[in-house]
Protein chains: 2
Amino acid sequence: MRVGAAGGAGVMLAAMNMLGLSPATPASAAQFALPPASGNGKSVVVLGAGIAGLVSAYELQQAGYRVTVLEARNRVGGRAWSIRGGDAVEHLGHALQQAQFSEGMYFNAGPARIPSWHHAILGYAKRLNVPMEVFVNTAMATGWDFNGKVRPGRQMVYSLRAHLSELLTKAIDQGALNANMPKEERDGFKQFLQFYGGLDGKGAPTPNPSFGYSDWPGGYDDPGKPLDPLAFREVLSGRAAAFPQFFESIIDMQPTMMQPVGGMDRIAHALYMAVQPTVKLNEPVTAIRREGGGVRIEHKGGITRADFAVVTLPAQLLERIPNDFSPAKKAALKGINYLKSAKVAFEAPRFWEDDGVYGGLGWTDKLNENVIYPSNSFHSPRGVIVGAYVAGWTHQDTPEAFTKLPFSEQVRISAGSIEVLHPGKARLLEKPVVVNWGNIPYSEGVGALWDGGPGADNGRRTGAYLELLKPEGPIVFAGEHLSYVGLWQEGSALSAHEALKLLQAMASEKAGKRAAA
Amino acid sequence: MRVGAAGGAGVMLAAMNMLGLSPATPASAAQFALPPASGNGKSVVVLGAGIAGLVSAYELQQAGYRVTVLEARNRVGGRAWSIRGGDAVEHLGHALQQAQFSEGMYFNAGPARIPSWHHAILGYAKRLNVPMEVFVNTAMATGWDFNGKVRPGRQMVYSLRAHLSELLTKAIDQGALNANMPKEERDGFKQFLQFYGGLDGKGAPTPNPSFGYSDWPGGYDDPGKPLDPLAFREVLSGRAAAFPQFFESIIDMQPTMMQPVGGMDRIAHALYMAVQPTVKLNEPVTAIRREGGGVRIEHKGGITRADFAVVTLPAQLLERIPNDFSPAKKAALKGINYLKSAKVAFEAPRFWEDDGVYGGLGWTDKLNENVIYPSNSFHSPRGVIVGAYVAGWTHQDTPEAFTKLPFSEQVRISAGSIEVLHPGKARLLEKPVVVNWGNIPYSEGVGALWDGGPGADNGRRTGAYLELLKPEGPIVFAGEHLSYVGLWQEGSALSAHEALKLLQAMASEKAGKRAAA
């Protein structure tokens, strides 16, 4: 259950409740800006051109700082990576893959969706004119493949609801809720449960259009045949089957979900376009040093000196780069646990749309866990289908169990799972691409896992986490791992905002001292 | 509860269950075609250029029939009506409105969404290259305005889930489910309920990110403050508040929902482009007669004779047109009840997106019932927001109570409701357009209501409904009202397919007789 809910104690919002107003999402996140001209020509070197680095460069440049961005790869975006035909896909310890996707196809190997409350990243998309469209997270037509049976998601979801409603009706009938609600309320509640669960007059689950139909209704005298409710034991047959029943309740998975038109990297690309002359690609950093009041960054192509640095590298990579950090920081950087998720994608004709599947997720208890259908370009000839998204959703022992397999086996499992969901169609899957984030150079993981790890205490992080937030003199830190919206681009952007506030405070303090001197 | 679920007895799909395969949706619906060249030059007059009429014309033309379509209005599409700037909006008994929407804006006054299982209509969209995109039915960020309090939908949905889970946990603890499941299963179920309902260790609802946050989490040391669960009594405070809790379980409302890019009328328009020379606009029908073995249709501009007719007019309009129908048909046409829904739309800058609302529905117990946010062109400067969709969703006495009010009052109520959902923003609403379907000429309603009406018996229709399906000699009938997918374009298309099968059978019988003679 590590994905999702930050625990966190809540407080009673008495004032807000009295007003009867819905709590607004913070417009401020979408409207972050450093004071105009506050940079005043001071220099900043930004390490990493992922979202945190690009956001930092963009905001610093807007405020009049002189910015240099050092990026180890030959591209920007970091984990916000959309793979297209011709792209090289390099893994540590694996042969190079060359993506063969057709023109116009892309595979979002990292983030693929943006929740509607992620105002910072959506704010950049808006400001930089990146067209956005809906990402379909939940589609009731997708198949759920558990214990060797494929059921439509709708039959699983609404069979559970039917059983919950039936059990509650029984509990009411037995007087078990008498202490909780007065009689009139129980009667009204029972009536609600009948509609909510699609129960028959006796309070039992019954064939119901919400489950879908074995024979769909049509014109004239064809009412169709709704499916039966599934047995309670089948619906909740284990961890794997249970997970998708509350997947969509996770705040970051609730609709509306969004994606940039043309690939997730379009946001990073737009930021890049806005700061391009400042970005140096193919410049892995080899040492992070302090020098005088500023920083000296050693990298492949030379040395860059600046008044400040924004370091956005993942913790486990940063730890390995020679640096002048304090002992406390060095200690805190050790042992941060990263999610080593994996995805496998294919190009294929859109056979799933013939089955009524338009976007959405298929679920399985096989090692591939999760199939993702494209939410865009419906009815076009071909699309990219993600045949595995392995992140510990339905399996306790993934991604480890999946990623230890050879790539060919990962592809075979993914195609086999799609075959079960769409019998006879696996033969149409072409041009597989495997991405195992644990072995992707300059990432080695897709995001920090704080829950239960070092620095985590009941959802509120302590110790190591708080230490990592502290500047090292003129060096500030950013990245999804330094946020409570971890594993998301939003966290990268918001952590960058915090880092820039610290930097800005230091810069204005220095300026103040100079003025006073 | 009249919207949605056709009752219908289900059958056990034992064979399918054994195979472990998900029930496929009927590819046949998307692939309907009359036998090639079977028309053989025979003539057909089609009454009405809505979806049923256009589908009929398209399929008949493909099969080699000579087709004439008579349409009363100056446009095709019927109830599949997208209103744009400059369009006249005529009502019986009301002043003419002229829509003022800006270039590129449209208002789907009739159908606005297509469920992913509607293969017939999606099949035409695909075949005719009408680009499709996602329609967002459910967005957890929208406000639900009940009993004077606005809550985010997510807080209502997941507070209910929390309470259901808590009550079930209590029932288990009291032994009320001992007869239903063995102890191990109860323990596992309790554990599931804790996750499913976001309960605390004692089985009680607790602040939970699924409800949203009063203070959203951010970068660095900002875990945010999740909202509290709402009281059970607030969540289920009456019919209005209860309805949206199961709205999305209705088979026709489940995601993925779709819409044509650029307006719902794009599908009708594409069919029109394929049959255009056959369509005569501004030709209301004044009599439907049989003559010899064929039909004689009297209309505004003259008389059209043909071997066959496909009549797609709504029942309550057809009843008034002089005709030669059998007494049984005349009787069956009487008293069919039509839904007289209403919509009010505005153009405005997209202030709702600043509140994190990207498509989806707002709900209210005010007379406007339902607010619909645009699912397209996110982050563009302006959009069309539907401030009222009144169809008996949350109110027992709408649409009557709403549509009896002057248009100005309907606009005022709609704007007032949006103001409550987005305080201070109603002043930005411009260019209102009101559509009351009960008063739209040549429609006078948006679809037939069979449930509980004449011809309905426990979900399986009888009597009047079956009578309406019967041909009158060479005249066959189609329209959403002659389908079990009523109120949807899919029903129009599927009923047309059935009508054409009857027509084709008669045509080949005639041809056989001629050949034998």
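Look up a bit, the structure's there.
In this report, the structure presented in the accompanying data block is examined. What you are looking at is a predicted structure, and each value in this text was computed from that prediction instead of being measured.

With an RMSD of 0.0 Å, the fit of chain A onto chain B corresponds to turning through 180° and sliding 0.0 Å along the axis. Interpreted geometrically, this transformation is the action of a two-fold axis. Of the residues that chain A buries at the interface, 100% are likewise interface residues in chain B, meaning the two copies contact each other through the same surface.

Time to look at helix 6 (residues 183-196) of chain A. Along an α-helix, residues three or four positions apart point the same way, because every turn accommodates 3.6 residues. In this model helix 6 of chain A runs 19 Å from its N-terminal to its C-terminal C-alpha over 14 residues, within 8% of the 20 Å that 1.5 Å per residue would give. Residues R186, F189, F192, L193 and Y196 of chain A constitute the buried set of helix 6 of chain A. On an axial view of helix 6 of chain A, the arc spanned by its buried residues comes to 120°, and they lie on one face. Turned more than 90 degrees away from the buried face of helix 6 of chain A, the exposed residues are E184 and Q191 of chain A. Contacts from the buried residues of helix 6 of chain A go to helix 5 (153-173) of chain A together with helix 5 (153-173), helix 7 (232-235) and helix 8 (239-247) of chain B. Following helix 6 of chain A by one or two positions, G198 of chain A adopts a phi angle in the positive range, close to 60°.

Turning our eyes to something else, we now look at empty space enclosed by the protein. A complete count under the given rule lists seven cavities of 30 Å³ or more for this structure. In this structure, the largest cavity encloses a volume near 570 Å³. Looking at the largest cavity, it is lined by 38 residues, and the ones nearest its centre are Y158, R161 and E248 of chain A together with Y158 and E248 of chain B. Residue assignment for the lining of the largest cavity shows that the elements contributing at least two residues are helix 5, helix 8 (239-247) and strand 21 (360-364) of chain A together with helix 5, helix 8 and strand 21 (360-364) of chain B. Considered class by class, the residues forming the lining of the largest cavity number 23 nonpolar, 11 polar and four charged. Looking at the second largest cavity, its volume works out to about 190 Å³. V136, T138 and P255 of chain A together with T138 and P255 of chain B are, among the 18 residues lining the second largest cavity, the residues nearest its centre. Of all the secondary structure elements, the ones that give two or more residues to the lining of the second largest cavity are strand 8 (132-135) of chain A together with strand 8 (132-135) of chain B. Residue composition of the lining of the second largest cavity, by class: 10 nonpolar, six polar and two charged.

Residue and element names in this part refer to chain B. If you trace the three strands from one edge of the open sheet to the other, you get 15-16-17, paired in antiparallel fashion. The open sheet is flanked by strand 15 (285-291) and strand 17 (302-306), the only strands paired with a single partner. Neighbour-to-neighbour, the strand axes of this sheet turn through a mean angle of 20°, independent of strand direction. Bridge count for strand 15 against strand 16 (residues 294-299) is six bridges, and the pairing is antiparallel. Across the sheet, residue E291 finds its bridge partner in strand 16, namely G294.

What counts, and where the lines are drawn
Each chain carries its own residue numbering, running from 1 in the direction its sequence is written. Each chain takes a letter, starting from A, and each ligand takes a number, starting from 1, following the order in which they are written. It should be noted that, the model being predicted, local features are given only for residues of pLDDT at least 70 and side-chain atom pairs only at 80 or more, the latter also being counted only at that level, while totals for whole chains, interfaces and linings use all residues. Heavy atoms from the whole structure form the basis of all side-chain values; hydrogens and water molecules are not counted. We superpose the copies by least squares over the C-alpha atoms of residues that have a pLDDT of at least 70 in both of them. Only heavy atoms matter for contacts: two residues are in contact if any of them lie within 4.5 Å across the pair. Strands here are runs of E lasting at least two residues and helices are runs of H or I lasting at least four, both read from the DSSP assignment and numbered beginning at the N terminus. Given a helix with a known number of residues, its expected span is that number minus one, times 1.5 Å. A 1.4 Å probe rolled over the protein chains alone gives each residue an accessible area, and that area as a share of the maximum for its type sets the label: buried under 20%, exposed over 50%, partly exposed in between. The reported arc concerns the directions from the helix axis to the C-beta atoms and nothing else. Using protein atoms alone on a 1 Å grid, points that fit a 1.4 Å probe yet trap it form a cavity, whereas open point sets bounded by protein on both sides within 12 Å along at least five of seven lines form a pocket; residues with an atom within 4 Å of a point count as lining. Grid points are joined across faces, edges and corners, and a volume is the space filled by probe spheres set on the points. Ten residues, namely Ala, Val, Leu, Ile, Met, Phe, Trp, Tyr, Cys and Pro, are considered nonpolar, four, namely Asp, Glu, Lys and Arg, are considered charged, and the remaining ones, Gly among them, are considered polar. Two strands make a pair as long as DSSP finds a minimum of two bridges between them. The convention used is that axes are lines fitted to C-alpha atoms, helices contributing only their stretch in contact, and that angles between N-to-C directions extend from 0 to 180 degrees.

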